[in-house]
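Structural overview
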There are 2 protein chains.
Amino acid sequence: MAAARIKGVLSPVVTPFKRDLSPDVGRFIAHCKWLLSQDCGLAVFGTNSEANSMSADERLSLLESIVSAGVPTDRMMPGTGACSINEAAKVSAHATKLGVAGVLMLPPFYYKGVSDEGLFRNFAEIIERVGDARLRVYLYHIPPVSQVPITLGLIERLLKAYPGTVAGLKDSSGDWSNTEAVLKAFSEVFDVFAGSESFLLANMRNGGKGCISATANINPAAIHGLYAHWQDADADQRQATLNDLRFAMQKFPMIPALKHTVARFAGEAAWQTVRPPLAPLTREQGEALDRELDKRGFTMPGWRVQ
Amino acid sequence: MAAARIKGVLSPVVTPFKRDLSPDVGRFIAHCKWLLSQDCGLAVFGTNSEANSMSADERLSLLESIVSAGVPTDRMMPGTGACSINEAAKVSAHATKLGVAGVLMLPPFYYKGVSDEGLFRNFAEIIERVGDARLRVYLYHIPPVSQVPITLGLIERLLKAYPGTVAGLKDSSGDWSNTEAVLKAFSEVFDVFAGSESFLLANMRNGGKGCISATANINPAAIHGLYAHWQDADADQRQATLNDLRFAMQKFPMIPALKHTVARFAGEAAWQTVRPPLAPLTREQGEALDRELDKRGFTMPGWRVQ
């Protein structure tokens, strides 16, 4: 039997950078360990990790560093998609050899309006090149950013061609009707993760397996609380509380806002650094965000003391 | 004095691939040499070259191969943009050391809705990292594909910070009013290339320096004819003839259509190979394209005999 598949709450782990914009391995490991301590899995190299602002080699090297530091691979779903088949296959093969639970794969996102036929060939070629029975592919549907959707027809074709290997989907469309359609069609063999905790309860009630959400970087325990108690009487109240914090964060550019907040609670200003084309929060934005979080009594317990 | 800047008609050179999807160096060199023989410069690694479907290392290696084969670097403007600053800087520095006339630089295209501040930091960081006085940057404005525009405000800021280094722009917006606005604001110090030969005559009449066009891969001599004779009495007629062929090509997916046509006139079916997520023309599409070209008496003189 294959190992049990990953499920629950995962964070697209924000990537700390040094002043010269190189990844800060020490801070990255510290944040990964804090997230694990909060029952949060590691979707390293996601959109909110600025993964596409790093080279494939930087991602390989960073993944090796956290594995060497003892971060458990069975709680990891690194992003490995790229515009080129070479790079997607290289990073996916490397991560799979290291023993990760699965890889989260963007479609190639440079060309727009490409056909499902072309996308099928892309994923098929990557899977064939990796050529490893341990590979578990989670398709990454995020049309607001990639502009290239993962359609139901494409999922069906890939599931037929690579059953077991094509394992699930992260739906970051923000469109619940799409998540619902995917769940209805495939949830018996295909693990659907909501792309935001705002849809976590709905996803669990319809056969989904969890969520992979930006704000899990700062609010993992509460999100896991809903995941663990979604069948309890207070589930809707938990969802409402999560939504309130999510909506506060969404008033700001998400990635700089997450990094600002980690910087604040870790007591490490260096965490604020983002790679261009992103820009850090302005002073005014930072203060406004702090007020929003203070109003809610928000903290990140334990980050500082690990 | 700095060397004279590149101008005229350039082709985003289509990249031939072998059956295993690796670049076919021999065929690539042959096509570059044919284009040069038709007075066409080489914007290798453009959108129509499937450059973003290749890794940075593949582009470095392919550029070295054509330089070693004696293809003159002063007729080259390789595409070097990437989502990561590392890769954009690495390929730009390498190309500049090899002596290319300039580099055509996409903005980072993963994140959407980024600020001009973030884009300024991106280009500034790349220019600083290259750190070579010979670097000439041509900004690549192609919002239908990249979804990230190069605004007039961004151009102004970059020209002020890096005069001489920031050398021009390729406008593939398809929006003549944008090209016109850039020409009006900056054409005295900034070289504007139309992104299609459809705008070549208008561009020349308003102070532009040429065009960089997909169809220059198959129709370079006629496009150069308009460039060389834009002040002659028959210029409008030349433009109309170019438009007629361009519009025929635009009925088909451009990259597979270009490769189908090179394959046909080179007598080499291998030219049809594209990398996913693109797909080759169907048989029906190929036959329809052949009929369109035959109706116009189109040929690619000399390709086969070099």
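Right, let's walk through the structure included here.

Cut-offs applied
Numbering of residues starts from 1 in every chain and runs along the sequence as written. Written order decides the labels, with chains lettered from A and ligands numbered from 1. pLDDT decides what is reported in this predicted model: residues at 70 or higher carry local features, side-chain atom pairs at 80 or more are listed and counted, and totals for whole chains, interfaces and linings draw on all residues regardless. Heavy atoms throughout the structure, all of them, feed into the side-chain values; hydrogens and water do not. One requirement defines pairing of two strands: DSSP has to find at least two bridges between them. Under the scheme used here, helices are H or I runs from DSSP no shorter than 4 residues and strands are E runs no shorter than 2 residues, and both carry numbers assigned from the N terminus. Relative accessibility under 20% of the residue-type maximum defines a buried residue, over 50% an exposed one, and the middle range a partly exposed one, all with a 1.4 Å probe and only protein chains included. When charges are tallied, Lys and Arg are placed among the positive residues and Asp and Glu among the negative ones, while His and the ends of the chain are skipped. In what follows, salt bridge is the name for a side-chain nitrogen of Lys or Arg lying within 4 Å of a carboxyl oxygen of Asp or Glu. Note on definitions: a residue-residue contact is assigned when non-hydrogen atoms from the two residues lie within 4.5 Å. All copies are superposed by least squares; the fitting set is the C-alpha atoms of residues with a pLDDT of at least 70 in both. Orientation is described by lines fitted to C-alpha atoms, with helices fitted over the stretch in contact, and by angles between N-to-C directions that extend from 0 to 180 degrees. Roughly parallel covers angles under 35 degrees, roughly antiparallel covers those over 145, roughly perpendicular covers 65 to 115, and oblique covers all other angles. By convention, the crossing between two helices is left-handed when the near helix turns anticlockwise from the far helix through less than a right angle, and right-handed when the turn is clockwise. Any two of the Phe, Tyr and Trp rings considered here, Trp counted by its six-membered ring, make a pair once their centres fall within 6.5 Å; the pair's planes then place it as stacked at under 30 degrees, edge-to-face at over 60, or tilted in between. Comment: the charge-over-ring label is applied if NZ (Lys) or CZ (Arg) is within 6 Å of the ring centre and within 35 degrees of the ring normal. Buried area: the sum, over both parts, of the accessible surface (1.4 Å probe) that disappears when the two are put together. Here a polar contact means two N or O atoms within 3.5 Å. Within protein one must be a hydrogen donor candidate and the other an acceptor candidate, and residues neighboring in sequence count only if both atoms are side-chain atoms. Residue polarity is assigned by list, with Asp, Glu, Lys and Arg as charged and Ala, Val, Leu, Ile, Met, Phe, Trp, Tyr, Cys and Pro as nonpolar; anything else, Gly included, falls into the polar class. Pairs of cysteine sulfur atoms within 2.5 Å are what we label disulfides. Only buried residues count toward a nonpolar core, which is a set of Ala, Val, Leu, Ile, Met, Phe, Trp, Tyr and Cys residues joined through side-chain atoms within 4.5 Å. For a helix, the expected span equals 1.5 Å multiplied by the residue count minus one.

1. Looking at the sheet that holds strand β4 (residues 137-141) of chain A
All names here are of chain A. Overall, parallel pairing links the 7 strands, which are arranged β2-β1-β7-β6-β5-β4-β3 in an open sheet. Unpaired on one side and paired on the other, β2 (41-42) and β3 (103-105) mark the two borders of the sheet. Pairing of strand β1 (residues 8-11) with β2, which is carried by 2 bridges, proceeds in the parallel orientation. Among the inter-strand pairings, Ser11 is bridged to a residue of β2, identified as Leu42.

2. Observations concerning the side chain of Glu87(B)
Counting through the fold element by element, Glu87(B) comes out in helix α3 (residues 85-98). Although Glu87(B) is buried, it forms no salt bridge, and the closest oppositely charged side chain is Arg59(B) at an N-O distance of 5.8 Å. In this view, Glu87(B) contacts Met54(A), Ser55(A), Ala56(A), Glu87(A), Ala56(B) and Ala82(B); residues no more than four positions away in its chain are not counted.

3. A few points about the pattern of salt bridges
All names here are of chain A. Under the criterion given, the structure shown has 42 salt bridges over all chains. With a closest N to O distance of 2.7 Å, Glu268 and Arg27 form a salt bridge. Within this pair, whereas Glu268 is found in the loop between α11 (254-266) and α12 (283-295), its partner Arg27 is found in helix α1 (residues 25-37), the two being separated by 241 residues in sequence. Salt bridges linked by common partners bring Asp244, Lys251, Glu292, Lys295 and Arg296 together as one network.

4. Remarks on the relation of the copies chain A and chain B
The two copies are related by a screw operation: chain A maps onto chain B through 180 degrees of rotation and 0.0 Å of translation along the axis, at an RMSD of 0.0 Å. Here the transformation between the copies is reduced to the relation of a two-fold axis. When the interface residues of chain A are mapped onto chain B, 100% of them again fall at the interface, so both copies present the same face.

5. Section: the environment of Ala56(B)
Residue and element names in this part refer to chain B. Relative to the assigned elements, Ala56 resides in helix α2 (residues 56-68). Accessibility expressed as a relative area gives 4% for Ala56, which makes it buried. Ala56 sits 84 residues away from Tyr140 along the chain, and the two C-alpha atoms are 18 Å apart.

6. Focus: the packing of helix α6 (residues 152-161) of chain A against helix α7 (residues 176-186) of chain A
All names here are of chain A. Following both chains from N to C, one finds α6 and α7 inclined at 30 degrees, their axes separated by 11 Å at the closest point. One element, α6, and the other, α7, form an angle in the roughly parallel class. The handedness of the crossing between α6 and α7 is right-handed. Only Asn178, Ala181, Val182, Ala185 and Phe186 of α7 make contact with α6, whose side of the interface consists of Leu152, Ile155, Glu156 and Leu159.

7. Re the packing of aromatic side chains
Inspection of every chain in the model, using the stated rule, returns 17 aromatic pairs over all chains. Here the aromatic rings of Phe109(A) and Phe109(B) are separated by 5.8 Å at their centres, their planes lie at 50 degrees, and the arrangement is tilted. You can see Phe109(A) sitting in the loop between β3 and α4 (116-130) and its partner Phe109(B) sitting in the loop between β3 (103-105) and α4 (116-130), one on each of two chains. The class of Phe109(B) is buried, set by a relative accessible area of 2%. Look at Trp271(A) and Trp303(A): their rings are 6.1 Å apart centre to centre, the planes differ by 90 degrees, and that puts the pair in the edge-to-face class. Here Trp303(A) lies in the segment after α12 and Trp271(A) lies in the loop between α11 and α12, a separation of 32 residues in the sequence. Each member of the pair Trp271(A) and Trp303(A) is classed as buried. Among the aromatic side chains, those forming a connected cluster through ring pairs are Phe109(A), Tyr110(A), Tyr111(A), Phe109(B), Tyr110(B) and Tyr111(B). Cation over ring: Arg157(A) sits above Phe120(A), and NZ or CZ is 4.0 Å from the ring centre.

8. Regarding the interface of chain A and chain B
Of the residues lining the interface, 43 residues belong to chain A; the matching set on chain B comes to 43 residues. Taken over both partners, the interface formed by chain A and chain B buries close to 3,300 Å², and the fraction arising from carbon and sulfur atoms is 61%. Looking only at chain A, the three residues that lose the most surface to chain B are Tyr110(A), Tyr111(A) and Pro277(A), adding up to 25% of its buried area. There are 0 salt bridges connecting chain A and chain B. In this structure, the connection of chain A to chain B is made through 14 residue pairs in polar contact (both at pLDDT 80 or more). Those elements giving two or more residues to the side of chain A that touches chain B turn out to be α2 (56-68), α3 (85-98), α4 and α5 (143-146) of chain A. When residues of the side of chain A that touches chain B are assigned to their parent elements, the largest contribution, 7 residues, is made by α4(A). Taken together, the residues of the side of chain A that touches chain B sort by class into 23 nonpolar, 10 polar and 10 charged.

9. Concerning the state of the cysteines
All names here are of chain A. The final tally for this structure, using the stated rule, is 0 disulfides over all chains. Among the cysteines around Cys32, which has no disulfide bond, Cys40 carries the closest sulfur, lying 9.8 Å off. Left unpaired, Cys40 is separated from the closest cysteine sulfur, that of Cys211, by 8.2 Å. Note on Cys40: relative accessible area 0%, which makes it buried.

10. So, unusual backbone geometry
Residue and element names in this part refer to chain A. Omega for the bond connecting Pro276 with Pro277 falls within 30 degrees of zero, at 15 degrees, which places this linkage in the cis form. A positive phi angle, close to 55 degrees, is found at Glu50, a residue other than glycine. Tracing the sequence through the fold places Glu50 in the loop between β2 and α2. Residue Glu50 is classed as buried on the basis of its relative accessible area of 0%. The phi torsion at Gln147 lies on the positive side, around 65 degrees, for a residue other than glycine.

11. Here's the deal with the packing of α4(A) against α6(A)
Packed helix pairs are characterised by how far apart their axes lie and by the angle those axes make with each other. Residue and element names in this part refer to chain A. With their axes 10 Å apart at the nearest point, α4 and α6 run at an angle of 35 degrees to one another. Remark: the crossing between α4 and α6 carries right-handed chirality. For the pair formed by α4 and α6, the contact residues are Asp116, Glu117, Leu119, Phe120 and Phe123 on the first element and Gly153, Leu154, Arg157, Leu158 and Ala161 on the second. Within the contact of α4 with α6, the residues separate by chemical class into 6 nonpolar, 1 polar and 3 charged.

12. With respect to the nonpolar core
If you look at the biggest cluster of nonpolar residues, it comprises 216 residues, and the most contacted ones within it are Leu139(A), Phe190(A), Leu139(B) and Phe190(B). Phe190(A) has contacts with Arg5(A), Leu139(A), Ile155(A), Leu159(A), Val166(A), Ala167(A), Gly168(A), Leu169(A) and Val182(A), leaving out every residue within four places of it along the chain.

13. Comments concerning the sheet that holds strand β1 (residues 8-11) of chain B
An order of β2-β1-β7-β6-β5-β4-β3 (chain B) is seen for the 7 strands of this open sheet, with the pairing classed as parallel. Since the sheet does not close on itself, it has two edges, and those belong to β2 (41-42) and β3 of chain B, each with one partner.

14. Considering helix α10 (residues 235-249) of chain B
Residue and element names in this part refer to chain B. The end-to-end C-alpha distance of α10 is 21 Å, a good match for the 21 Å that 15 residues give at a rise of 1.5 Å each. Taken together, the buried positions of α10 are Ala235, Gln239, Leu242, Asn243, Leu245, Arg246, Ala248 and Met249. On its buried face, α10 sits against α8 (200-205), α9 (220-228), α11 (254-266) and α12 (283-295).

15. A few points about the side chain of Asn217(B)
Residues and elements named next belong to chain B. Here Asn217 lies in the loop between β7 (210-212) and α9. A relative accessible area of 0% means that Asn217 is categorised as buried. Separated by 2.8 Å, the side chain of Asn217 and the backbone oxygen of Pro12 make a polar contact. For Asn217, the side chain forms a polar contact with the side chain of His31, separated by 3.0 Å.

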